[in-house]
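# Structural overview for review
Chain residues, written in single-letter form:
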Amino acid sequence: MKRFGWPIGFFCLLAVAGMGFSGVKLSFFKVETEAGRNFILSWQAEQEDDVHRYEVYRRTIHSNGEFVKLHELRAHGPNKPYQFRDDQVYKASSEQVDYRLEVVFTSGVRQILAQQSVNYTPTAIRRTWGSIKAMFQ
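Values in this document were obtained by computation on a predicted structure and should not be read as measured data. (Residues numbered from 1 in each chain as written. Predicted model: local features only at pLDDT ≥ 70, side-chain atom pairs only at ≥ 80, totals over all residues. Heavy atoms only, no water.)

## Notes on the overall build of the protein chain
Worth spelling out the cut-off: Elements are defined by DSSP. Helices are runs of H or I of four residues or more, strands are runs of E of two residues or more, and each kind is numbered from the N terminus. Using a 1.4 Å probe on the protein chains alone, a residue whose accessible area is under 20% of its type maximum counts as buried, one over 50% counts as exposed, and one in between counts as partly exposed. The contact definition used throughout considers only heavy atoms, calling two residues in contact when any of these lie within 4.5 Å. The Shrake-Rupley method, run with a 1.4 Å probe, gives the accessible areas here. Residue values count only the displayed protein chains as cover.
Of regular secondary structure, the protein chain possesses 2 helices and 7 strands. Going through the 137 residues of the protein chain one by one, you find that 33% of them count as buried. Counting only contacts in the protein chain whose residues sit at least 6 apart along the sequence, the fraction spanning at least 24 positions is 58%. Split by element, the accessible area of the protein chain, about 9,200 Å² in all, is 54% carbon and sulfur.

Structure (structure tokens):
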């Protein structure tokens with residue numbers, strides 16, 4: 001007589017684990033330019049079950065094609081807007097900036113919720129003291 005306990009138990013465990021995971025449903029996710037210098041990321045979730053936090057990532061040509069984590073925001077409930085201001089990006093003319101929003105659930109599971117690219121063409125490049133010194137070296 002063959003035993004079927006292991007495969008059946010495994011699939012039952014997967015079904016039970018899947019039932020408790022509802023997830024997040026976004027109303028919107030947008031990236032806008034503020035005064036030609038900063039980027040404002042905003043989003044809102046219609047559904048926000050078992051969410052621990054959101055994480056914001058950015059990718060530019062200066063990050064070697066990798067997304068870099070910028071900020072974490074604790075979940076504060078559905079139908080309430082979230083906002084993050086990115087004022088630390090160095091923008092060159094005609095550069096593309098990619099943003100990604102991830103959610104971390106209380107179980108530790110991560111999920112990519114949204115990703116948006118912004119083509120940035122500045123009227124004037126914001127200079128830092130370090131970049132001004134580098135021009136004269």
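On we go.
## Regarding the sheet that holds strand β3 (residues 51-59)
Strand pairing within a sheet occurs via backbone hydrogen bonds; the two strands may be parallel or antiparallel. We apply this condition: Pairing between two strands requires that DSSP report at least two bridges joining them. Orientation is described by axes fitted as lines to C-alpha atoms, over the contacting stretch for helices, and by angles from 0 to 180 degrees between their N-to-C directions.
Across the sheet, which stays open at both edges, the 4 strands sit in the order β4-β3-β6-β7 with antiparallel pairing between neighbours. One side of each edge strand has no neighbouring strand; the edge strands of this open sheet are β4 (68-74) and β7 (110-120). Adjacent strand axes in the sheet meet at a mean angle of 20 degrees when their direction is disregarded.

## Re the pairing of β3
A large share of β3 lies buried, amounting to 7 of its 9 residues. In this structure, β3 lies alongside strand β6 (residues 95-105), joined through 8 bridges in antiparallel fashion. The partner of E55 across the bridge, within β6, is E102. The pairing of β3 with β4 spans 6 bridges and is classified as antiparallel. Residue V56 lies in a different strand from β4, and its bridge partner there is H71.

## Details of the pairing of strand β1 (residues 24-34)
Where β1 meets strand β2 (residues 38-48), 10 bridges bridge the pair, whose relative direction is antiparallel. Residue F28 lies in a different strand from β2, and its bridge partner there is Q44. In this structure, the hairpin formed by β1 and β2 is closed by a connection of 3 residues, where A35 is found at a positive phi of approximately 55 degrees.

## A word on the nonpolar core
What counts here: As used in this record, nonpolar core signifies buried Ala, Val, Leu, Ile, Met, Phe, Trp, Tyr and Cys residues forming a set joined through side-chain atoms within 4.5 Å.
Counting residues in each nonpolar core, the largest one holds 22 residues, and the members touching the most others are F39, L41, W43 and Y54. Of all the secondary structure elements, the ones that give two or more residues to this core are β1, β2, β3, β5 (82-86), β6 and β7. Ranked by residue count, the leading element in this core is β6, at 5 residues.

## A short note on the sheet that holds β1
Strand order in the open sheet formed by 3 strands is β1-β2-β5, and the pairing between neighbours is antiparallel. Each edge of the open sheet carries a strand with a single partner, namely β1 and β5. Mean inter-strand twist for the sheet, computed between neighbouring axes without regard to direction, equals 15 degrees. As paired strands, β2 and β5 are joined by 5 bridges and run antiparallel to one another. Counterpart to W43 in the pairing with β5 is Y82.

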